[in-house]
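Listed here are the chains, written in short residue letters.
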Amino acid sequence: MHNVVISGTGLYTPPHSISNDELVASFNTYVRAFNEEHAQAIAAGSVQPLAESSAAFIEKASGIKSRHVIDKAGILDPQRMRPHIPERSNEQWSILCEMSLKAAEEALARAGRTAGDIDGVIVACSNLQRAYPAIAIEVQAALGIEGFGFDMNVACSSATFGIQNAVNAIHLGQARAILMVNPEICTGHMNFRDRDSHFIFGDACTAVLLERAELAVSSHQWEVLDTRLVTRFSNNIRNNFGFLNRADEAHANDRDKLFVQEGRKVFKEVCPMVAELIGSHLHDNHIPVETVRRFWLHQANLSMNQLIVRRLLERDARADEAPVILDTYANTSSAGSVIAFHKHQDDLPVGSIGVLSAFGAGYSIGSVILKKR
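Rules of the game
Residues numbered from 1 in each chain as written. Predicted model: local features only at pLDDT ≥ 70, side-chain atom pairs only at ≥ 80, totals over all residues. Heavy atoms only, no water. Pairing = 2+ DSSP bridges. Helix = DSSP H or I, 4+ residues; strand = E, 2+ residues; numbered from the N terminus. Axes fitted to C-alpha atoms, helices over the stretch in contact; angles between N-to-C directions. Contact = heavy atoms within 4.5 Å. Salt bridge = Lys/Arg side-chain N within 4 Å of Asp/Glu carboxyl O. Buried < 20%, exposed > 50% of the residue type's maximum accessible area, 1.4 Å probe, protein only. Expected span 1.5 Å × (residues − 1). Polar contact = N/O pair within 3.5 Å; in protein donor to acceptor, adjacent residues only side chain to side chain.

Engineer: Help me out: how do you make sense of the sheet that holds strand β11 (residues 292–297) in this one?
Structural biologist: Within a beta sheet, neighbouring strands are joined by backbone hydrogen bonds and run either parallel or antiparallel to one another. Read across the sheet, nine strands follow the order β5-β4-β6-β7-β1-β8-β13-β12-β11 without closing on themselves; strand pairing throughout is mixed. On the outer flanks of this sheet lie β5 (148–152) and β11, each paired with one strand and no other. Adjacent strand axes in the sheet meet at a mean angle of 25° when their direction is disregarded. Where helix α9 (residues 302–313) meets the sheet, its contacts fall on β11 and β12 (353–360), and the angle it forms with β11 comes to roughly 150°.

See below:
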């Protein structure tokens, strides 16, 4: 059995950003056009009028102020309201592969590694652009890595589940090092015409390099002390888009083929589950919760994170104890907790304990206990 460390992390941030004000201006233009077009039906009571949104409402509901996106113009066009991402030929690297390469390059550089040191690639994310060949095998080929690759999807928890898969393979001697990447184009499955959710997501890609502790040469090492996963079925976060949609034309474009959720139910049910999992995980590893220096939590909603840490610490967390990146990145699904880890790890002293945790549809929750070396 081999001890495992995270020896490098990487982040790709798309070049475009959309502020709440910009998003609201587009949305409200669409709302006014819809209400005008359906004025008679609205007056007759057969169609419900749409309500406008506001930047203040978005920030209060989520803590989000802006989001990075792959394409800005298509999202803000009131006639389109979805990103414009031209399809690429089979001879070109896919856009998810391209994002993965950019994040992977930074992770490899921080770890002091090259492709020749890596034995496997895991692409773990919510939104895979195709069924096969696996994006991970494409990334493997683009980087020139010998070994294996596979894709996996556990929604927003995918990174933590991917970390456990990588840790297990390295523990057992099946690999020296594994690159785990999380390319997320969340705006591709967003309904930008839905007032309750049009502001939630952004795009990004993260990368985590895990390797045998005895081989690591990085100055950015975090030992993986333990991992824990849990899932519980729920319909409260759902996306029914898939290849079978074409087999039922009547419902191929229904609302549930994009992201849908029962936000209040998710908040009420998920927060205690996450706090319970992290608390029991720390207890079983004989780590007092008050000794945890930092919580890198899934970046979906500010109030959720504040409540989870409050339940754990029995007080409000300081800003440095549970860093927030969703204000400028929004919810980037599986990438969110890793972005927080990537941006807020280097200041901690050797011996610091931290918890990286992600949670989302499924329900699914992952917890990773880390110690700085």
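Back to the text.
Engineer: Help me out: how do you make sense of the pattern of salt bridges in this one?
Structural biologist: Using the criterion set out here, one finds 16 salt bridges in the structure. Salt-bridge contacts for aspartate 346 lead to arginine 110; the nearest nitrogen and oxygen are separated by 2.9 Å. Of the two residues, aspartate 346 sits in the loop between α11 (336–343) and β12 while arginine 110 sits in helix α5 (residues 95–111), which places them 236 residues apart along the sequence. The residue arginine 176 makes a salt bridge to aspartate 119 at a minimum N-O spacing of 2.8 Å. Pair noted here: arginine 176 is in the loop between α7 (158–171) and β6 (177–185) and aspartate 119 is in the loop between α5 and β4 (120–124), with a separation of 57 residues, a long-range link. Residue classification places arginine 176 among the partly exposed positions, given a relative accessible area of 32%. In this structure aspartate 119 comes out as buried when scored by relative accessible area, which is 16%. Taken together, the salt bridges that share partners define one network made up of Arg293, Arg315, Arg318, Asp320 and Glu321.

Engineer: Looking at this structure, how should I read α5?
Structural biologist: Because an α-helix completes one turn every 3.6 residues, residues spaced three or four positions apart along the sequence face the same direction. Here α5 spans 24 Å end to end across 17 residues, near enough to the 24 Å set by a 1.5 Å rise per residue. Most of α5 is tucked away, with 12 of its 17 residues classed as buried. Along α5, the residues classified as buried are Ile95, Leu96, Cys97, Met99, Ser100, Leu101, Ala103, Ala104, Ala107, Leu108, Arg110 and Ala111. Glycine 112 sits one or two positions beyond α5 and adopts a positive phi of about 70°.

Engineer: Quick question: what am I supposed to make of the environment of arginine 32 here?
Structural biologist: Position of arginine 32 among the secondary structure elements: in helix α1 (residues 20–37). Between the C-alpha atoms of arginine 32 and arginine 232, which are 200 residues apart in sequence, the distance is 40 Å.

Engineer: Looking at this structure, I do not really get the side chain of histidine 220. What am I missing?
Structural biologist: Positionally, histidine 220 belongs in the loop between β7 (203–212) and β8 (222–231). For histidine 220, the side chain forms a polar contact with the side chain of aspartate 346, separated by 3.5 Å. Those residues in contact with histidine 220, other than ones at most four positions away along the chain, are Ile6, Ser7, Gly8, Arg110, Gln345 and Asp346.

Engineer: When you look at unusual backbone geometry in this model, what are you seeing that I'm missing?
Structural biologist: A cis amide bond, omega 0°, links tyrosine 132 with the succeeding residue proline 133. Along the chain, proline 133 falls in the loop between β4 and α6 (135–143). Of note, the bond from glycine 362 into tyrosine 363 is cis; its omega dihedral lies within 30 degrees of zero at -5°. Inspection of the secondary structure puts tyrosine 363 in the loop between β12 and β13 (364–372). Of note in the backbone geometry, alanine 155 takes a positive phi value of approximately 55° without being a glycine. Turning to its location among the elements, alanine 155 is positioned in the loop between β5 and α7. You can call alanine 155 buried: its relative accessible area is 15%. The backbone phi angle of histidine 286 is positive, close to 60°, even though this residue is not glycine. Position of histidine 286 relative to the elements: it lies in the loop between α8 (263–284) and β11. Residue histidine 286 is classed as exposed on the basis of its relative accessible area of 73%.

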